[in-house]
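Here are the chains, one letter per residue:
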Amino acid sequence: MWFGNIFSPKPQAEIPPLFNEAFLRRLERLSLQAQRTLRGRPSGGAHLSHRLLPTSIFSDHRPYSVGDDYRYVDWNVYAHQDALFVKLGEIEQDVTIHLLLDASRSMAWGSPAKLRAAQLIAGTLGYLALAHNDRLHVTSFDAAVRREFGPAQGKSRLIEMLRFIEQVQPGGETNLRSALETYARHHPRGGLLVVCSDLLAPEGLEEGLRAYPPPTWQTLVIHLLDPRELNPERLGPIELEDVETGKLLPLIIDDETIAHYRRNLAAWQRTIESICGRRGATYARVLSTWPLERQIIPYLRARQILT
């Protein structure tokens, strides 16, 4: 958070579109790895469910009940046992994908801005959700939940989704607890939640994640960092400005300060990872300079977030 005036601002270059058509075609070979415990809807999705429901491809039976569809009665069993049984199997279902995009002011920092990396990741995951007929919500937040897109389903909503993500602008301060709790109250059915954020908030992550208990929710926290946050330069006397609150902090950045900073940074990252583990969430640290196709996507595949 304390990097507002260390580096000279660079002139704004023209921002290219998030994706091109060739990349989207290559992306279609991938899919989101949703847990089978998530409750979806059997309406043509691609995710297997743990629930056994009447189906033509079956692995088990149960006695027939009034109202069951006769198409799923096992007539071979009826011929031998003179009793009606319904065929049960794992069905394919859609799941609801929730993409939460941190649009606080600190996300505008970095080169490229951390918000740009978050937009690329959200666009990628959103495209995979639409391409595989999942239900998609994309929402920006800072101290509260802001703009929302969805629910959307099917590739016909792709352009609308990408336009929404590109128009997300950095705004106020971060309040993870308020934003996460508010969003969970509005979506009680659960689903796969992906939070893209630099997590630069004094507190609130653990309280916010408490609102997303498994197995109703499968949660992934993508922690975005700029490489200069990991390896700051020795700059001597300087006045730092908090990019979200505007508070000033006079400081001498020498070797001792940098060593102390790195120890605190490592402890902070361990704390975040520990919080995610306690709340059943997956933690993934991503640098904002990583190329999407050559580094971020392989990284997410290695963690079985994409398959």
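Read on for a plain summary of the structure. Every value quoted in this text rests on a predicted model; they were computed, and no experiment measured them. (Residues numbered from 1 in each chain as written. Predicted model: local features only at pLDDT ≥ 70, side-chain atom pairs only at ≥ 80, totals over all residues. Heavy atoms only, no water.)

Another aspect to go through is the overall build of the protein. Tallying secondary structure elements over the protein gives 9 helices and 11 strands in all. A total of 307 residues make up the protein; the buried ones form 47% of that total. Surface summary for the protein: the accessible area is close to 15700 Å², and the carbon and sulfur share equals 50%. (Helix = DSSP H or I, 4+ residues; strand = E, 2+ residues; numbered from the N terminus. Buried < 20%, exposed > 50% of the residue type's maximum accessible area, 1.4 Å probe, protein only. Areas by Shrake-Rupley, 256 points an atom, 1.4 Å probe, with all protein chains shown as cover.)

Here we take up unusual backbone geometry. Omega for the peptide link from Ser111 to Pro112 comes to 0°, which places this bond in the cis form. Relative to the assigned elements, Pro112 resides in the loop between β4 (96-102) and α3 (114-131). Geometrically, the link from Gly150 to Pro151 is a cis peptide bond, its omega value of 10° lying close to zero. On the secondary structure map, Pro151 appears in strand β6 (residues 145-152). For Leu199, which is not glycine, the phi dihedral falls at a positive 60°. With respect to the element layout, Leu199 can be found in the loop between β7 (191-197) and α6 (205-209). Look at Gln304: it is not a glycine, yet its phi comes out positive at around 60°. When you line up the elements, Gln304 lands in the segment after α9 (292-302). Among the residues examined, Gln304 registers a relative accessible area of 59% and is labelled exposed.

Attention now goes to the nonpolar core. Grouped together as the largest cluster of nonpolar side chains are 56 residues, with contacts concentrated most on Leu136, Met161, Ile222 and Leu224. Tallying contributions element by element places α3 first for this core, with 11 residues. Other than its neighbours up to four places away in sequence, Ile222 contacts Ile121, Val194, Val195, Cys196, Ser197, Ala284, Val286 and Leu300. (Core = buried A, V, L, I, M, F, W, Y, C linked by side-chain atoms within 4.5 Å. Contact = heavy atoms within 4.5 Å.)

Time to look at α3. Because the α-helix completes a turn every 3.6 residues, residues three or four places apart line up on one side. Between its terminal C-alpha atoms α3 stretches 26 Å, which fits the 26 Å expected from 18 residues at 1.5 Å a residue. The element α3 is largely enclosed, with a buried count of 17 among its 18 residues. Where α3 ends, the next residue or the one after it, Asn133, has phi of about 65°, a positive value. (Expected span 1.5 Å × (residues − 1).)

With that out of the way, let us pick up a nonpolar patch on the surface. Judged by side-chain polarity, Tyr70, Trp75 and Tyr78 come together as a nonpolar surface patch covering roughly 360 Å² of accessible area. By the secondary structure assignment, Tyr70 is in the loop between β2 (60-63) and α2 (75-81). (Patch = residues over 30% accessible without salt bridge, like charges linked within 9 Å, V, L, I, M, F, W, Y side chains within 5 Å. Salt bridge = Lys/Arg side-chain N within 4 Å of Asp/Glu carboxyl O.)

Sheet architecture is open: 6 strands sit in the order β6-β5-β4-β7-β8-β11, paired in mixed fashion. Where the open sheet ends on each side, the last strands, each with one partner, are β6 and β11 (281-287). In this sheet, adjacent strand axes meet at a mean angle of 15° when their direction is disregarded. In this sheet, strand β8 (residues 217-225) lies alongside β7 in parallel orientation, the contact comprising 7 bridges. Directly across from Leu192, in β8, lies its bridge partner Gln218. (Pairing = 2+ DSSP bridges. Axes fitted to C-alpha atoms, helices over the stretch in contact; angles between N-to-C directions.)

A word on the pairing of β7. Within β7, 7 of the 7 residues are buried, leaving the element largely enclosed by the surrounding structure. Summarising the sheet, β4 and β7 pair through 5 bridges and their orientation is parallel. Bridging from a neighbouring strand, Leu99 pairs with Val194 of β7.

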